[in-house]
Amino acid sequence: VIFINAKKEDGSDKNFAEIISEFKGSVVYVDFWASWCGPCRGQFPHAKKLHEKLKDKPVVFLYISFDRSEEEWKEGVEQFELNGYHW
């Protein structure tokens, strides 16, 4: 699990295009989710299967959380075993 620094060196926030540009040359699977979202939680087993199927391919899994707090977000990452990059 890798948490992406949401700030640039000057302290301003990174935008989505800046985050995506960090993965140039790879396919990026983007998953918008929240720990309180039932449909989001329901798709996680499918994402795990996709992880396994694509493990030797240049695919990056980027999870973007809409949780209300950093604690809920990080607990969700651990609870649902979401391996990849998190923003």
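Just so you know, these numbers come straight off a predicted model, no measurement behind them.

Visitor: In this structure, what is going on with the packing of aromatic side chains? I would like to understand it.
Guide: Aromatic ring pairs: the centre-centre distance and the angle between the two ring planes describe each pair. Scanning the model with the defined rule gives seven aromatic pairs in all. With a centroid separation of 5.6 Å and 80° between ring planes, the pair formed by W33 and F44 is classed as edge-to-face. One end of the pair, W33, is in strand β2 (residues 27-33); the other, F44, is in helix α2 (residues 38-53), and 11 residues separate them in sequence. Take W33 and F44: they sit in the same class, and that class is buried. These aromatic residues form a ring-pair network of at least three members: F16, F32, F66 and W87. Above the ring of W36, the side-chain terminus of R68 is found at 4.8 Å from the ring centroid.

Visitor: Is there a simple way to explain the pattern of salt bridges in this structure?
Guide: Opposite charge on two side chains makes pairing possible when the charged atoms of those side chains draw close. Inspection of the entire model under this criterion finds six salt bridges. Ionic pairing is found between D13 and K7, a salt bridge with its closest N-O pair at 2.5 Å. We note a salt bridge from K14 to E22, for which the minimum N-O separation is 2.9 Å.

Visitor: Explanation requested: the sheet that holds strand β1 (residues 2-3) in the structure shown.
Guide: Hydrogen bonds between backbone groups are what pair the strands of a sheet, and the pairing can be parallel or antiparallel. If you trace the four strands from one edge of the open sheet to the other, you get β1-β4-β3-β2, paired in parallel fashion. The outermost strands of the open sheet, each flanked by one partner alone, are β1 and β2. Bridge analysis of β1 against strand β4 (residues 85-86) gives two bridges, and the strand direction is parallel. Residue pairing in the sheet places F3 in a bridge with H86 of β4. Lying over the sheet, α2 contacts β2 and β3 (59-65), oriented at roughly 160° with respect to β2.

Visitor: What is the right way to look at the nonpolar core in this model?
Guide: Across soluble globular proteins, you tend to see nonpolar side chains buried next to one another. In terms of nonpolar packing, the biggest core is built from 12 residues, these being W33, A34, C37, C40, F44, A47, F61, Y63, W73, V77, F80 and L82. Elements with a minimum of two residues in this core: α2, β3 and α3 (70-79). Counting residues per element, this core draws most heavily on α2, at three residues. Residues contacting Y63, with those up to four places away along its chain left out, are D31, W33, A47, H51, L82, N83, Y85, H86 and W87. Grouped together as the second largest cluster of nonpolar side chains are six residues, I4, I19, F23 and I64 included.

Criteria and thresholds
Residues numbered from 1 in each chain as written. Predicted model: local features only at pLDDT ≥ 70, side-chain atom pairs only at ≥ 80, totals over all residues. Heavy atoms only, no water. Phe/Tyr/Trp six-rings, centres within 6.5 Å; stacked < 30°, edge-to-face > 60°. Helix = DSSP H or I, 4+ residues; strand = E, 2+ residues; numbered from the N terminus. Buried < 20%, exposed > 50% of the residue type's maximum accessible area, 1.4 Å probe, protein only. Lys NZ or Arg CZ within 6 Å of the ring centre and 35° of its normal. Salt bridge = Lys/Arg side-chain N within 4 Å of Asp/Glu carboxyl O. Pairing = 2+ DSSP bridges. Contact = heavy atoms within 4.5 Å. Axes fitted to C-alpha atoms, helices over the stretch in contact; angles between N-to-C directions. Core = buried A, V, L, I, M, F, W, Y, C linked by side-chain atoms within 4.5 Å.

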